[in-house]
Amino acid sequence: MLKRSKFETTQSQIMHRAEDLISAASNRYRITVQVANRAKRRRYEDFDSPAEDVMMKPVLRAIIEMSDELTQPEIIGEV
């Protein structure tokens, strides 16, 4: 029996979001580095977070956040 995660994002959803990020980017290398940098930053921020948030790997969380920012620009506010 498979152990289900608290998060309802499946592998196929993650792959779809990653493909959307790559297709929207002008440079595949640059978007890969941006995802890696965000994941690295989130990993160090997770030390102060509750244990519930740590269940999702930082790279997966970075892909989800960045794809949400891509599809929902109102998340980022005007700077």
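In what follows, the structure referred to is the one given above.
Residues numbered from 1 in each chain as written. Predicted model: local features only at pLDDT ≥ 70, side-chain atom pairs only at ≥ 80, totals over all residues. Heavy atoms only, no water.

Asks: Honestly, the side chain of serine 67 in this entry has me stumped. Any pointers?
Replies: Among the structural elements, serine 67 can be located in helix α3 (residues 58–71). Engagement of the side chain of serine 67 in a polar contact is seen with the backbone oxygen of isoleucine 64, the distance being 3.0 Å. Contacts of serine 67, omitting those with residues within four sequence positions, involve Arg17 and Leu21. (Helix = DSSP H or I, 4+ residues; strand = E, 2+ residues; numbered from the N terminus. Polar contact = N/O pair within 3.5 Å; in protein donor to acceptor, adjacent residues only side chain to side chain. Contact = heavy atoms within 4.5 Å.)

Asks: I tried to follow the packing of helix α1 (residues 11–24) against α3 on my own but got confused; where do I start?
Replies: Each packed pair of helices is defined by two parameters, the angle between the axes and the distance between the axes. Running from N to C, α1 and α3 cross one another at 55 degrees; their axes reach a closest spacing of 9 Å. One element, α1, and the other, α3, form an angle in the oblique class. Pair α1 / α3 crosses with left-handed handedness. Residues Ile14, Arg17, Ala18, Asp20, Leu21 and Ala24 of α1 pack against Leu60, Ile63, Ile64, Met66, Ser67, Asp68 and Leu70 of α3. Residue composition of the contact of α1 with α3, by class: 9 nonpolar, 1 polar and 3 charged. (Axes fitted to C-alpha atoms, helices over the stretch in contact; angles between N-to-C directions. Parallel < 35°, antiparallel > 145°, perpendicular 65-115°, else oblique. Left-handed = near helix turned anticlockwise from the far one by under 90°. Nonpolar A, V, L, I, M, F, W, Y, C, P; charged D, E, K, R; others polar.)

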